[in-house]
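In case you want the letters, here they are:
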2 protein chains.
Amino acid sequence: MPDTLEITERSRLRRLHERGHFDRETINAILDAQPMCSVGYTIDGKPYVTPTMQWREGNHVYWHGSSASRALRHSRGAEVCLSVAILDGFVLARSGMHHSLNTRSVTLFGTAFKVEDPQEKLEKLGNFVNGLFPGRYETLRPDHAQDLKATTVLGMEITEGSAKVRTGHPGDDEEDYALPIWAGVIPVQMQVGDPIPDPRNLDGVEMPGHVTGFRIG
Amino acid sequence: MPDTLEITERSRLRRLHERGHFDRETINAILDAQPMCSVGYTIDGKPYVTPTMQWREGNHVYWHGSSASRALRHSRGAEVCLSVAILDGFVLARSGMHHSLNTRSVTLFGTAFKVEDPQEKLEKLGNFVNGLFPGRYETLRPDHAQDLKATTVLGMEITEGSAKVRTGHPGDDEEDYALPIWAGVIPVQMQVGDPIPDPRNLDGVEMPGHVTGFRIG
């Protein structure tokens, strides 16, 4: 596998080329930092977007849902666009025009396939849980056969797409730096709060390390 | 305008109907809480998703970008799907199957129109800036005519779509509550950090209230 994705007509950045990245290292780091994604697909030629969770294994990205899900039924075997966008900050400039966002985003294009083999599906779902909460999957009530049947896992090879990254202060028009206007960056990030135990947890069940140590972003 | 969106074949929830909301109050509150959105559109029948910022004015939602943007050129006058998804927490259940997310999301369908009138476009962009940072727009270097020309504002009437909200603890299979497995919610939220002044700010320019008071989520 090449370390860099081939730039295609679809993935080429039209503007602000300096913000574009096609190397797997940058793309993978963004996918791994934020499981929330938006999957775009079409039904009767019309665009649909469904927010869901993605996880990466090597050069593939996966997502899942109910086997009854319209999104998954129409994505399977079809062209999809998967987007992950992490907001890092609001960039306040001296003119409206140069206001911007500090973001890390990835857009991937490809054809989604369904993970058909039940054993492979089980393994993927386990990887998904353990990717977020290391070791948790093995502590859970094992999946029933009907749970597995009710769940569809889709995947896509990471071959076409790009990352886009913006960092730092505004880039104002040179003459505007003389104006007495406050400019700068307001950073934002996803914060993990204190875990809230289910009131129905059994007495003596302690909060596991994969919960106390959970981080995201 | 009715207070509730008509439920259509496209916006009807196939599953988990109890999480669906079609009233404008719920939909508007989610749109207003999170400017980041994903806009889905098609080019040659293929799905594309572009992360961008949205803002709402009454029963319309707007987004903007460079007039050279491929996303905007192909969205204008075309069917689009606009998605906002706010992640509130990870829901850890006693089986993999019942793991979930606490989220507030909105999906809107419609045809995007371009704001053609220059004066109206200026007003919309001002509303966008001031919606995030009250009063900021009037403190900025006024937009140049070429800035305005280089910027496209698209809008869409909020007529078709839905909100989806999940809150609270996992809903496990009744027999699984007897298992000694930690379950609960890990809340997450977007946190605003300390603003970072641009090193090129002029001496004596103070951080305005719309920066110190900035909140999101």
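Residues numbered from 1 in each chain as written. Chains lettered and ligands numbered in written order. Predicted model: local features only at pLDDT ≥ 70, side-chain atom pairs only at ≥ 80, totals over all residues. Heavy atoms only, no water.

A. Representation of the overall build of chain A. Along chain A, the regular secondary structure elements total five helices and eleven strands. Seen through its principal axes, chain A has C-alpha atoms that stretch 65 × 45 × 35 Å. For chain A, the proportion of its 217 residues judged to be buried stands at 53%. If you take every contact in chain A between residues at least 6 apart in sequence, the share linking residues at least 24 apart comes to 69%. Accessible surface computed for chain A: about 9,500 Å², of which carbon and sulfur atoms make up 51%. (Helix = DSSP H or I, 4+ residues; strand = E, 2+ residues; numbered from the N terminus. Buried < 20%, exposed > 50% of the residue type's maximum accessible area, 1.4 Å probe, protein only. Contact = heavy atoms within 4.5 Å. Areas by Shrake-Rupley, 256 points an atom, 1.4 Å probe, with all protein chains shown as cover.)

B. Spatial organisation of the interface of chain B and chain A. Counting residues at the interface gives 90 residues for chain B, matched by 90 residues for chain A. Summed over both partners, the interface of chain B with chain A buries about 7,700 Å², with 64% contributed by carbon and sulfur atoms. Summed over the three residues of chain B that lose the most area to chain A, namely Pro47, Arg141 and Trp182 of chain B, the buried surface amounts to 10% of that side. Run the count over chain B and chain A and you get ten salt bridges. Among the ionic pairs, arginine 141 of chain B bridges to aspartate 176 of chain A, the shortest N-O distance being 2.9 Å. At the junction of chain B with chain A, the criterion picks out 34 residue pairs in polar contact (both at pLDDT 80 or more). Counting residues per element, the ones that place at least two in the side of chain B that touches chain A are strand 2 (36-43), strand 3 (46-57), strand 5 (79-92), strand 6 (100-111), strand 10 (184-192), strand 11 (196-197) and helix 5 (209-212) of chain B. Looking at the side of chain B that touches chain A element by element, the count peaks at nine residues for strand 10 of chain B. Its residues assigned to classes, the side of chain B that touches chain A comprises 49 nonpolar, 22 polar and 19 charged. (Buried area = accessible area lost by both parts, 1.4 Å probe. Salt bridge = Lys/Arg side-chain N within 4 Å of Asp/Glu carboxyl O. Polar contact = N/O pair within 3.5 Å; in protein donor to acceptor, adjacent residues only side chain to side chain. Nonpolar A, V, L, I, M, F, W, Y, C, P; charged D, E, K, R; others polar.)

C. Structural view of the nonpolar core. Trp63, Leu82 and Leu108 of chain A together with Trp63, Leu82 and Leu108 of chain B are the most contacted members of the largest nonpolar core, which totals 56 residues. In contact with leucine 82 of chain A, not counting residues within four places along its chain, are Cys37, Ser38, Val39, Gln54, Val61, Trp63, Val106, Thr107, Leu108 and Met156 of chain A. Among the nonpolar cores identified, the runner-up in size contains 23 residues, and Met36, Val115, Phe133 and Val153 of chain B belong to it. (Core = buried A, V, L, I, M, F, W, Y, C linked by side-chain atoms within 4.5 Å.)

D. Broad picture of the relation of the copies chain B and chain A. Structural alignment of chain B on chain A gives an RMSD of 0.0 Å, achieved by rotating through 180 degrees and translating 0.0 Å along the axis. What the superposition gives is, in effect, a two-fold axis relating one chain to the other. Closest approach to the rotation axis within chain B is made by the C-alpha atom of methionine 190 of chain B, at a distance of 2.2 Å. A share of 100% of the interface residues of chain B reappears at the interface of chain A, consistent with the copies meeting face to face through the same patch. (Least-squares fit on C-alpha atoms with pLDDT ≥ 70 in both.)

E. Quick peek at the packing of aromatic side chains. If you walk through the whole model with that rule in mind, you get 16 aromatic pairs over all chains. Grouped by ring-pair contacts, the aromatic residues Trp55, Tyr62, Phe113 and Phe128 of chain A constitute a single cluster. Over the ring of tyrosine 177 of chain B we find arginine 200 of chain A, and its NZ or CZ is 3.6 Å from the ring centre. (Phe/Tyr/Trp six-rings, centres within 6.5 Å; stacked < 30°, edge-to-face > 60°. Lys NZ or Arg CZ within 6 Å of the ring centre and 35° of its normal.)

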